[in-house]
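# A structural walkthrough
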Amino acid sequence: MHRLSEEETSLLELVRGFARTEVAPAADHYERSHTFPRPLFDQLGSMDLTGLPFASAVGGSEVSYRTYLLVLEELSRGSLALGMGLSVHTLATWGIDTFATPEQRERFVPDMVAGHALGAYALSEPGSGSDAAAMITRARRDGEHYRLDGLKAWVTHGGVADRYLVMARTGDTGAKGISAFIVDADQPGMTVAPPESKMGLWSSPTAQLIFEDAPVPVDRLVGGEEGTGFRLAMASLDGGRLGIAACAVGLAQAALDVAVGYAGEREQFGRPIVEFQGVSFLLADMATRTEASRALLLSAADRRDHAAGVGPYAGVAGAGTGYPVTEVAAMSKLFATDATMQTTLDAVQVLGGAGYTTDYPAERYLREAKVLQILEGTNQIQRLVIGRQLADRSRGRR
Ligand SMILES: Cc1cc2nc3c(=O)[nH]c(=O)nc-3n(C[C@H](O)[C@H](O)[C@H](O)COP(=O)(O)OP(=O)(O)OC[C@H]3O[C@@H](n4cnc5c(N)ncnc54)[C@H](O)[C@@H]3O)c2cc1C
């Protein structure tokens, strides 16, 4: 594990200050008005935070994935909708940047990296969530276009995104028949359904995309080749799951901050409640889980950076070997989001009756934590991914 460089340290201080003074105070307003915090996302763009792990050739900052994840943590500590918004935006941008042709990269990536075009990732469908390869949305070749027909479900940023990365079926059943398309918000034949009414995360709209004979130009087929969409979707999720783990750590830290602050001030039986062992043990477990989640996340991030040979590993002997991160990314997402679920639940308990009211953010954190166990693969699916890797190893395949 590497130490943070001076630039990384000052970047994180900048983000922490921004999250504390501008993001956190506005989070409740955006939540209650069910409005995506686009002005805050635009500010991320002007602070050069929307293209952190991307190459300078497309306008990125070329920082390590580790640093990018620490930035996500700080932002999510202020607002999960904003932190997760950047994570999902990066998921879509990374998929396009990594699998695009050079022409597509030049045309579609720089404005996403600059934060001018907000990205979204459309894999799930009403009938295919965990079993994403069972999707039925069709893309039929028709001269210089593909005609898209079908429904994409649960799209984060649905209705507010400028650019969607859409997976659709160009071939028969199974993963090999899936392709990826770059679809802009003004695409004829595409409409966005009203946002889902959710338990939490209200300022992050989630909506269905409806495609009715939508003519998507052939030059928007990612990589210019049919059948690579599922590989793109899964490879993107390796990074995306680390992003969700970072968001979970930020949310857990926010819950811990509120609980510790309250426990130090609230008095019962003539003493601050933090002095009661029953409360301080809860806080100790919350802090331990959060630190353990962060440690696993950073270790996974280091493996990813080492595999890519970027950041502190650039030029280091043995780096850039492409060590698979699928397993550790799944572990990190699984552990951090389960830990955060418990930590946000405990935060409500520490605040007692106040924790059950909207006067404090603890109840919001609890509602928000739940979704992190579900999206980008439920935690059952993360266990399935880890279990499969172990089974492969037991058969000597890895
Ligand atoms: C707020 C929100 C935002 C989202 N954002 C996006 C987005 O931006 N883009 C996108 O493409 N999708 C998005 N999703 C969709 C999300 O990824 C899916 O909800 C998730 O993958 C689960 O799919 P499902 O809801 O269809 O549940 P199902 O797949 O129907 O699963 C139902 C239950 O069965 C379990 N299960 C299913 N299969 C197995 C198995 N083999 N073994 C054990 N248990 C199993 C699941 O774990 C779950 O508990 C979002 C979802 C939400 C709620």
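Heads up: these notes are all about the structure in this document. Everything quoted here is computed from the prediction, not taken from an experiment.

Along its length, the chain carries eleven helices and nine strands. Its C-alpha radius of gyration of 21 Å places the chain within 12% of the 21 Å reference for a compact globule of 398 residues. Dimensions along the principal axes, computed over C-alpha positions, put the chain at roughly 80 × 50 × 45 Å. When burial is assessed residue by residue, the chain has 54% of its 398 residues classed as buried.

A separate point is the packing of aromatic side chains. For the structure shown, the criterion picks out six aromatic pairs. Geometrically, the ring pair formed by Y65 and Y68 is edge-to-face, given 5.0 Å between the ring centres and 65° between the ring planes. With Y65 and Y68 both in helix 3 (residues 65-78) and three residues apart, the pair spans about one turn of that helix. Residue Y65 is classed as buried on the basis of its relative accessible area of 7%. We note R304 situated over the ring of Y65; from NZ or CZ to the ring centre the distance is 4.0 Å. Lying across the ring of W202, R367 places its NZ or CZ 4.4 Å from the centre.

Here we take up unusual backbone geometry. With the exception of glycine, the majority of residues adopt a negative phi angle, and the majority of peptide bonds are in the trans configuration. Although it is not a glycine, W154 adopts a positive phi angle of roughly 60°. Structurally, the position occupied by W154 is in strand 3 (residues 145-156). If you check the backbone angles, E376 has positive phi at about 55° while not being a glycine. Within the secondary structure, E376 sits in the loop between helix 10 (362-372) and helix 11 (379-394). Note on E376: relative accessible area 13%, which makes it buried.

Another aspect to go through is the pattern of salt bridges. In this structure the tally under the stated criterion is 26 salt bridges. Among the salt bridges present, the one from D28 reaches R32, with a minimum N-O distance of 2.9 Å. In this pair, D28 and R32 both sit in helix 1 (residues 6-32), four residues apart, roughly one turn of the helix. By relative accessible area, D28 is classed as partly exposed at 29%. Taking relative accessible area as the criterion, R32 reaches 47% and is therefore assigned partly exposed. The partner of R393 in a salt bridge is E327, with the nearest N and O atoms 2.4 Å apart. Of this pair, R393 sits in helix 11 while E327 is found in helix 9 (residues 326-350), placing the two residues 66 residues apart along the sequence. For R393, a relative accessible area of 37% corresponds to the partly exposed category. Each member of the salt-bridge network shares a partner with another, and the members are R16, E74, R77 and D257.

Rules used throughout
Residues numbered from 1 in each chain as written. Predicted model: local features only at pLDDT ≥ 70, side-chain atom pairs only at ≥ 80, totals over all residues. Heavy atoms only, no water. Helix = DSSP H or I, 4+ residues; strand = E, 2+ residues; numbered from the N terminus. Rg over C-alpha atoms; globule rule 2.2 N^0.38 Å. Buried < 20%, exposed > 50% of the residue type's maximum accessible area, 1.4 Å probe, protein only. Phe/Tyr/Trp six-rings, centres within 6.5 Å; stacked < 30°, edge-to-face > 60°. Lys NZ or Arg CZ within 6 Å of the ring centre and 35° of its normal. Salt bridge = Lys/Arg side-chain N within 4 Å of Asp/Glu carboxyl O.

Function-wise, these values are silent; they only describe arrangement.
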